[in-house]
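Descriptive structure summary
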Amino acid sequence: MAVTGQLRDVLTEDRLIDALRGCSSREELISLEQRLAGEADTPPLFDWICNLLVSRRLSRGLAARLLTQLHQAN
């Protein structure tokens, strides 16, 4: 069974959301950001979080916590 590009994108987003929910510290979030930066064709984690927030796939509270941690890390 072949996975279409759109379905693959959803599966990737679902995996990212699970990983974001699992980040309990700023260090874990930065580690995830660095892993994603090493992947080809992936947007920056900040952009990805914003897009997930706009599409209502990520809660406002979680997005606020994650974006604050990313901002403080820089």
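Here's what I pulled together on the structure shown here. (Residues numbered from 1 in each chain as written. Predicted model: local features only at pLDDT ≥ 70, side-chain atom pairs only at ≥ 80, totals over all residues. Heavy atoms only, no water.)

**Overview of the overall build of the protein chain**
Convention followed: Only DSSP runs of H or I reaching four residues or more are called helices, and only runs of E reaching two or more are called strands; each is numbered from the N terminus. Buried means the residue's accessible area, taken with a 1.4 Å probe over protein chains only, is under 20% of the maximum for its type, while exposed means over 50%, and partly exposed covers the values in between. A contact between two residues is defined here by any heavy atoms of the two lying within 4.5 Å. Methods summary: accessible areas were calculated by the Shrake-Rupley approach with a probe of 1.4 Å, and residue burial reflects only the protein chains presented.
The secondary structure content of the protein chain amounts to four helices and zero strands. Put simply, the protein chain has 74 residues, and 26% of those count as buried. A separation threshold of at least 6 residues defines the contact pool for the protein chain, and within that pool the share at least 24 residues apart is 56%. Accessible surface for the protein chain amounts to roughly 5,300 Å². Of this, 51% is attributable to carbon and sulfur atoms.

**Considering the pattern of salt bridges**
Note the cut-off: The rule for a salt bridge is simple: a side-chain nitrogen of Lys or Arg has to be within 4 Å of a carboxyl oxygen of Asp or Glu.
Tallied over the entire structure, the rule returns two salt bridges. Between Glu13 and Arg57 there is a salt bridge, with its nearest N and O atoms 2.5 Å apart. In this pair, Glu13 is assigned in helix H1 (residues 5-22) and Arg57 in the loop between helix H3 (45-54) and helix H4 (60-73), connecting sequence segments 44 residues apart. One salt bridge connects Arg57 with Asp14, and the closest N-O pair in it is separated by 2.3 Å. Of this pair, Arg57 sits in the loop between H3 and H4 while Asp14 sits in helix H1; the two residues are 43 residues apart in sequence, bridging distant segments of the chain. By relative accessible area, Arg57 is classed as partly exposed at 29%.

**Structural notes on the nonpolar core**
How we decide: Here, nonpolar core refers to any group of buried Ala, Val, Leu, Ile, Met, Phe, Trp, Tyr and Cys residues whose side-chain atoms link them within 4.5 Å.
Counting 18 residues, the largest nonpolar core has Leu16, Leu20, Leu45, Ile49 and Leu58 as its most contacted members. If you list the elements that add at least two residues to this core, you get H1, helix H2 (26-37), H3 and H4. A total of five residues in this core trace back to one element, the largest contributor, which is H4. Dropping the residues within four chain positions of it, Leu58 is found in contact with Ile17, Leu20, Ile49, Leu52, Leu53, Ala63 and Leu66.

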